[in-house]
Amino acid sequence: MSLQSDAVFQKIIDGLKENEAKAKAVNGVFVYKITKDGKVAKEWTLDCKNAKAYEGPAQGVKVDTTLTVADEDMVDIALGKLNPQAAFMKGKLKIAGNIMLTQKLAPLLKTDAKL
């Protein structure tokens, strides 16, 4: 299944390759559960400890934080149309695990690209 947020994650993958040191400074492993119509449609893993991201559940690493967000909300967050803290407060973004670690993610997720 192809989702709008796939482009966001492709941009993140490219960004991790370009900024390995920045990614490793985050020093965390995040799993994004992307939902469509209320059901998890796709999972993405951001392994900032090893500066890599891939589709699917975490492989051989301990997950620090799990984020659950709707496909269109993930796109809006990446484009800066939706503030992540506001999304969390409104229940559009659910976070389990180390919530403070997610604040270090913001610089990696920002995208200037038109998706």
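Residues numbered from 1 in each chain as written. Predicted model: local features only at pLDDT ≥ 70, side-chain atom pairs only at ≥ 80, totals over all residues. Heavy atoms only, no water.

An unreviewed UniProt entry annotates the chain as Peroxisomal multifunctional enzyme type 2 originating from Drosophila madeirensis.

What about the overall build of the chain?
Each helix and strand counted, the chain has five helices and five strands in total. N-terminal to C-terminal, the α/β element order of the chain is α-α-β-β-β-β-α-α-β-α. Computed over its C-alpha atoms, the radius of gyration of the chain comes to 13 Å, within 12% of the 13 Å expected for a compact globule of 115 residues. Overall, the chain is about 35 × 30 × 30 Å in size when its C-alpha atoms are taken along their principal axes. Taking all 115 residues of the chain together, the buried fraction comes to 41%. Pairs at least 24 residues apart make up 65% of the contacts formed inside the chain by residues separated by at least 6 positions. Carbon together with sulfur atoms contributes 51% to the accessible area of the chain, which is approximately 6,500 Å² in total. Averaged over its 18 positive side-chain charges, the chain has a centre that lies 4 Å from the centre of its 14 negative ones. (Helix = DSSP H or I, 4+ residues; strand = E, 2+ residues; numbered from the N terminus. Rg over C-alpha atoms; globule rule 2.2 N^0.38 Å. Buried < 20%, exposed > 50% of the residue type's maximum accessible area, 1.4 Å probe, protein only. Contact = heavy atoms within 4.5 Å. Areas by Shrake-Rupley, 256 points an atom, 1.4 Å probe, with all protein chains shown as cover. Lys, Arg positive; Asp, Glu negative; His and termini not counted. Charge placed at Lys NZ, Arg CZ, Asp CG, Glu CD.)

A word on the nonpolar core
In terms of nonpolar packing, the biggest core is built from 27 residues, with F9, F30, Y32, I34, L46, V69 and M74 touching the most fellow members. Counting only elements with at least two residues in this core, the list comes to α1 (6-18), α2 (20-26), β1 (29-36), β2 (39-47), β4 (65-70) and α3 (71-79). If one sorts the elements of this core by residue count, α1 sits on top with five residues. M74 has contacts with S5, V8, F9, Y32, I34 and V69, leaving out every residue within four places of it along the chain. (Core = buried A, V, L, I, M, F, W, Y, C linked by side-chain atoms within 4.5 Å.)

Focus: the environment of L105
For L105, the position within the fold is in the loop between β5 (93-97) and α5 (106-109). Judged by its relative accessible area of 1%, L105 falls in the buried class. With 57 residues separating them in the primary sequence, L105 and C48 have C-alpha atoms 9.2 Å apart.

Here's the deal with the packing of aromatic side chains
Counted under the stated rule, the structure contains two aromatic pairs. Geometrically, the ring pair formed by F9 and Y32 is edge-to-face, given 5.4 Å between the ring centres and 70° between the ring planes. Of this pair, F9 sits in helix α1 while Y32 sits in strand β1, and the two are 23 residues apart along the sequence. Taken individually, F9 and Y32 each receive the classification buried, so the pair is uniform in this respect. (Phe/Tyr/Trp six-rings, centres within 6.5 Å; stacked < 30°, edge-to-face > 60°.)

Describing the pattern of salt bridges
Summed over the entire model, instances satisfying the criterion amount to seven salt bridges. In this structure, D64 engages K62 in a salt bridge whose closest nitrogen and oxygen atoms are separated by 3.7 Å. The exposure class of D64 is buried, given its relative accessible area of 18%. One salt-bridge network, in which partners are shared between bridges, spans K36, D71 and E72. (Salt bridge = Lys/Arg side-chain N within 4 Å of Asp/Glu carboxyl O.)

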